[in-house]
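# Structural description and commentary
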There are 2 protein chains.
Amino acid sequence: MRGAEALVGSLVEAGVEVCFMNPGTSEMHFVQALDAVPRMRGVLALFEGVATGAADGYARVAGKPAGVLLHLGPGLGNGLANLHNARRAGTPLLCVVGAHATDHVRHDAPLESDITAVARTVSGWVHTSGDPRDVAADAMRALAAASERGGQIATLVLPADVSWSEGAAIAPPLPAAVPYPPDPGRVAAAAAAVAEPGAVLLLGGPALSERAMDAAGRIAAATGTRLLVETFPRCWDTGAGRPRVDKLGYFAEQALAQLDGASSLVLAGARAPVSFFGYPGVPGDLVPDGCPVVGLADTASDACAALEELAAAVAPGAVAEVAPREAPEPPPGPLDVRSMSAAIAAALPDGAIVVDESLTAGAALAPALQTAAPHTQLALTGGAIGQGLPSALGAAVAAPDRPVLAVQADGSALYTFQALWTMAREQLDVTVVLINNSAYAILRVELARTGAGEAARSGRAGRMLDLSDPTPDFVSLATGLGVPARRVESTEALLDALRWARDEPGPHLIEAIVPAVG
Amino acid sequence: MRGAEALVGSLVEAGVEVCFMNPGTSEMHFVQALDAVPRMRGVLALFEGVATGAADGYARVAGKPAGVLLHLGPGLGNGLANLHNARRAGTPLLCVVGAHATDHVRHDAPLESDITAVARTVSGWVHTSGDPRDVAADAMRALAAASERGGQIATLVLPADVSWSEGAAIAPPLPAAVPYPPDPGRVAAAAAAVAEPGAVLLLGGPALSERAMDAAGRIAAATGTRLLVETFPRCWDTGAGRPRVDKLGYFAEQALAQLDGASSLVLAGARAPVSFFGYPGVPGDLVPDGCPVVGLADTASDACAALEELAAAVAPGAVAEVAPREAPEPPPGPLDVRSMSAAIAAALPDGAIVVDESLTAGAALAPALQTAAPHTQLALTGGAIGQGLPSALGAAVAAPDRPVLAVQADGSALYTFQALWTMAREQLDVTVVLINNSAYAILRVELARTGAGEAARSGRAGRMLDLSDPTPDFVSLATGLGVPARRVESTEALLDALRWARDEPGPHLIEAIVPAVG
């Protein structure tokens, strides 16, 4: 058996049944193995950042890794930004990077580069396969590594000759790493903390599932502890019927206000909060002075079980207070971020997956979604924009029975817009609400916040933050990639378009013309 | 003066007057400095791969570096593939990567990553600026480093606080590195080699200018030496009135046939040829067995002067035989790669810059261009596809008085399609002929060549090499980014569209529907 076939065959035996790919010449045998191993679903992306972002979204929703297949160092480079986001999300992910044949490396051919140096910056495990007899076992080690530390990227560099040579055989899967169980000492310390008035419980990473949220809600109900969710949750079950929890604000001053007066900060699956960027004269550490930080469970732990043990200790018999289901009538007329958010909340189907890369528009979206139909939110964990559309694609592959809604800022969309083509090819049930404000609106805000000054839209600096002249036409762009699209400028038209997208199968894009917030 | 202003101010004093950018929060002071230093032209790209590819194309044509401004590690990742191409081209390029403020790094904020590890894989020089008092001098050292070894990437990591802090001052430019002068021993050895019948002179890198080509032509005329140009020239003056020289073939067997029987291989600005990929049973080293390789001038040398010294030694008074100007009438009717190439050659304006990422279609294009109007060709030096459109954009900024024609394969175009938006914003005179064959046609060929087998278009493997279902509509895509576009399916329509593109100012895209070669 050829190396590539043993590799792909072993992956499906181990439960990896989807591979997002953008292959090249050195990956041709991996591609050919798709014919021999029909249980592996190959999903083609037109750009590597789409493939890596899709693998991230898939794993967050499926709870198991997808594979991603990239073409040498440049392919890895193109996929790096969304691998960065996956690393920050703690996503288990198997990244296979094809490489030159082993005896071709010495020729320093045009595509040769230092793949492992780049891979190490995002991966917890990196290995170059050296022999077709080892490649399947290497892949199984990679897969086991991907499950460690709560989920990480494992990168297997796959030389072309290891793929094409005979002598390989299927390898059995290795046991996946299990998260650390709750630590009684930590649970006791957290119990003491939440017994004091003014405690704050910050939830993140693995502590955002429906079960975890229920446990957190019971703790809050019994003790008065305030709940917060990290700013960019990787996979958060929220909406009506679940505890109503605010996200920690993006800007340092918002977060500091939310944490002001906390008697302690208990962390469940979340890291101690820090400012996204440094600003002149603003602290980077967002934990209030003198506020003790109590680590209940880190991201490599079974944070959900830890919350349940904490709830059993401090909230026996308590019932979580949950958000009601109420979608206020969206105000009619021209769209703004508030009416757009209200319309999205009102139209949200039960059990939807909401991929949120709305950036400046998100401040209005988050509260509107709190009382919308129960749903799951995926956010931009690593700050590398261009994650929304690929992640929505991956989520839709992972959960074909759930509608996916991507709420997507315009500037960010244009990094990985090619994702739409794969949505069309795979006929995925994704609705993209594309918020066109013709600007890098977040950067207008940041320009002022960093003390760099105000940017006149027409000035030389301001022009670098401006997406008009020309304003991208997202209906044209989506149509060009095979996704039916409409432009809307009023609440009524948005609601109508959301119905259209829901009632027809396959992906749709709705370009919502909304004035910039910044 | 703030660090960013001193940096930008020093760059313009040193002759760097264009910066292609995709900035974020950490780069806001650099952006703001554009208002204070109006001689620096900021050119916004919607994606970092566009900015890096544009900086490559700019420097190849302008003969001096542009700056490129990227946002932290993910921004560098997005720009990495075209930095790889620039590295392989030997392009001088100043890459400024914004980073978190120095005292923010310890917080391991979401966007933190190992920037220098990634930068080192493409850069000859990497440094992190530590103080606003040093930043301008650091930039001048970077610029000097970019001129070394015939041209390389210098990466300056710029922490936000170094940008925003006061205390900086303009720094004077440092002398640029000069290429090594011709080595008399090497010239003598080359003279001896070309005196023998059957010698081959392979030209590349810095030995492709009009002057260098003329010297090579005289050597060929006097000695009968065969001339070849490397497969992917970085900047080649060719066409009518210049020596008619074939490029070394892309596939190993083509190149081996071209070099078969060579009595010696003399290298001028080119490396000894190697196969692009390794294939089972095919040699990677393309120099025929027993053929001596004579290095006249490497890529860090003044290869043009070396050729002129060689010509003076072996071809005194000789006159180069040059290609006539003759554009055969393109055959009318439905387009194929041959009629498309003939039409492009017939319509090519004098002094055009042709950016060639035509891949499978290029085999017909190259011979057609040999007798077209004199022009300059830029090719895909590093094999990382998605270089054509950005490079055309950069070339057009460097040479606003020359028409730029990008001959662009469809699959590759979709990696960095965002370049069209910047062409529209800057109203650059670029005509894109987009060859739509609905496939990664080169990979169909490669699948068979690597011995992986034939791919049925509808099969599971074949589908990974297929761009139909849905077929991207490039007219829609271009229009969506503000570039007027037309679809053509016949020679007549292509010729008409080329006239339309030439007669109207600004960029145009012509989608040529052409059957796949593979």
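In the nomenclature of an unreviewed UniProt entry, chain A corresponds to Putative acetolactate synthase large subunit IlvX from the organism Pseudonocardia autotrophica. Under Sequence similarities (unreviewed entry), UniProt gives the following word-for-word description of chain A: "Belongs to the TPP enzyme family."

On to the environment of Leu365 of chain A. Topologically, Leu365 of chain A is positioned in helix H13 (residues 362–370). In this view, Leu365 of chain A contacts Ser341, Ile344, Asp356, Ser358 and Val407 of chain A; residues no more than four positions away in its chain are not counted.

Here chain B sits on chain A after a turn of 180° about the axis and a move of 0.0 Å along it, with an RMSD of 0.0 Å. Both chain copies can therefore be described as sitting about a two-fold axis. Taken as a fraction of all interface residues of chain B, those also at the interface in chain A reach 100%, which identifies the copy contact as same-surface.

Our focus in this paragraph is the sheet that holds strand S4 (residues 93–99) of chain A. Residue and element names in this part refer to chain A. With respect to topology, six strands assemble into an open sheet ordered S2-S1-S3-S4-S6-S5, the strand pairing being parallel. Every interior strand has two partners, whereas the edge strands, strand S2 (41–44) and strand S5 (125–128), have only one. Direction aside, neighbouring strands of the sheet carry axes that sit 20° apart on average. Pairing between S4 and strand S6 (residues 153–159): seven bridges, direction parallel. Residue pairing for S6: Gly98 is matched across the bridge by Leu158.

You'll often see interface size given as the accessible area lost when the parts meet. Listed by partner, the interface residues are 98 residues for chain B and 98 residues for chain A. For the pair chain B and chain A, the two sides together bury roughly 7,900 Å², of which 61% comes from carbon and sulfur. Contact with chain A buries surface across chain B, with Arg425, Arg460 and Met464 of chain B losing the most and accounting together for 9% of the total. Run the count over chain B and chain A and you get six salt bridges. The shortest N-O distance in the salt bridge between Asp108 of chain A and Arg88 of chain B comes to 2.7 Å.

Below, the discussion takes up helix H14 (residues 388–398) of chain B. Burial of H14 of chain B is extensive: ten of the eleven residues sit out of reach of the surface. Every buried residue belonging to H14 of chain B is among Gly388, Leu389, Pro390, Ser391, Ala392, Leu393, Gly394, Ala395, Ala396 and Val397 of chain B, and all of these are buried.

A few words now on the packing of aromatic side chains. Here the structure, examined in full by the defined rule, presents 17 aromatic pairs over all chains. Here the aromatic rings of Tyr415 of chain A and Phe47 of chain B are separated by 5.9 Å at their centres, their planes lie at 80°, and the arrangement is edge-to-face. A residue pair is termed interchain when its members come from two chains, as with Tyr415 of chain A in the loop between helix H15 (410–413) and helix H16 (419–425) and Phe47 of chain B in the loop between strand S2 (41–44) and helix H3 (48–62). Ring plane angle 70° and centroid distance 6.1 Å describe the contact between Phe20 of chain B and Tyr58 of chain B, whose orientation is recorded as edge-to-face. Linking Phe20 of chain B in strand S1 (residues 18–21) with Tyr58 of chain B in helix H3, this pair joins segments that are 38 residues apart in sequence.

A separate point is the UniProt feature "domain: Thiamine pyrophosphate enzyme N-terminal TPP-binding" (unreviewed entry) in chain A. Residues given the UniProt feature "domain: Thiamine pyrophosphate enzyme N-terminal TPP-binding" (unreviewed entry) here are residues 1–113 of chain A. Across residues 1–113 of chain A, the secondary structure splits into 47% helix and 18% strand, with the terminal C-alpha atoms separated by 29 Å.

Residue and element names in this part refer to chain B. At their nearest, the axes of helix H9 (residues 210–223) and helix H11 (residues 303–314) sit 9 Å apart, and the two run at 25° to each other. Classified by the angle between their axes, H9 and H11 sit roughly parallel to one another. Judged by the sense of rotation from one axis to the other, the crossing of H9 with H11 is left-handed. Contacts from Arg211, Ala212, Ala215, Arg218, Ile219, Ala222 and Thr223 in H9 reach Cys304, Leu307, Glu308, Leu310, Ala311 and Val314 in H11. Considered class by class, the residues forming the contact of H9 with H11 number nine nonpolar, one polar and three charged.

Counting residues in hydrophobic clusters, the biggest one holds 210 residues, and the most contacted among them are Phe20 and Leu509 of chain A together with Phe20 and Leu509 of chain B. Apart from the residues within four sequence positions on either side, Phe20 of chain B is in contact with Val43, Ala51, Ala54, Ala55, Tyr58, Ala66, Gly67, Val68, Leu69, Gly394 and Val397 of chain B. Core analysis: the next-biggest nonpolar cluster, separate from the first, contains 34 residues, Ala212, Ala268, Ala303 and Cys304 of chain A among them.

So, on to the domain arrangement of chain A. Residue and element names in this part refer to chain A. Per the domain assignment, the segments making up chain A are domain 1 (3–164), domain 2 (184–314) and domain 3 (337–513). If you average the C-alpha positions of domain 1 and of domain 2, the two centres end up 34 Å apart. At the junction of the two partners, domain 1 supplies six residues and domain 2 supplies six residues. Around 460 Å² of area is buried between domain 1 and domain 2 when both sides are counted, 44% of it from carbon and sulfur atoms. Considering only the side of domain 1, the residues that lose the most area to domain 2 are Arg60, Ala89 and Gly150, jointly responsible for 67% of the buried surface there. In this assembly, domain 1 and domain 2 are joined by zero salt bridges. For the pair domain 1 and domain 2, the interface holds three residue pairs in polar contact (both at pLDDT 80 or more).

Definitions and limits used
- Residues numbered from 1 in each chain as written.
- Chains lettered and ligands numbered in written order.
- Predicted model: local features only at pLDDT ≥ 70, side-chain atom pairs only at ≥ 80, totals over all residues.
- Heavy atoms only, no water.
- UniProt positions renumbered as here; feature names shortened; annotations may be inferred.
- Helix = DSSP H or I, 4+ residues; strand = E, 2+ residues; numbered from the N terminus.
- Contact = heavy atoms within 4.5 Å.
- Least-squares fit on C-alpha atoms with pLDDT ≥ 70 in both.
- Pairing = 2+ DSSP bridges.
- Axes fitted to C-alpha atoms, helices over the stretch in contact; angles between N-to-C directions.
- Buried area = accessible area lost by both parts, 1.4 Å probe.
- Salt bridge = Lys/Arg side-chain N within 4 Å of Asp/Glu carboxyl O.
- Buried < 20%, exposed > 50% of the residue type's maximum accessible area, 1.4 Å probe, protein only.
- Phe/Tyr/Trp six-rings, centres within 6.5 Å; stacked < 30°, edge-to-face > 60°.
- Parallel < 35°, antiparallel > 145°, perpendicular 65-115°, else oblique.
- Left-handed = near helix turned anticlockwise from the far one by under 90°.
- Nonpolar A, V, L, I, M, F, W, Y, C, P; charged D, E, K, R; others polar.
- Core = buried A, V, L, I, M, F, W, Y, C linked by side-chain atoms within 4.5 Å.
- Domains from an automatic or database assignment.
- Polar contact = N/O pair within 3.5 Å; in protein donor to acceptor, adjacent residues only side chain to side chain.

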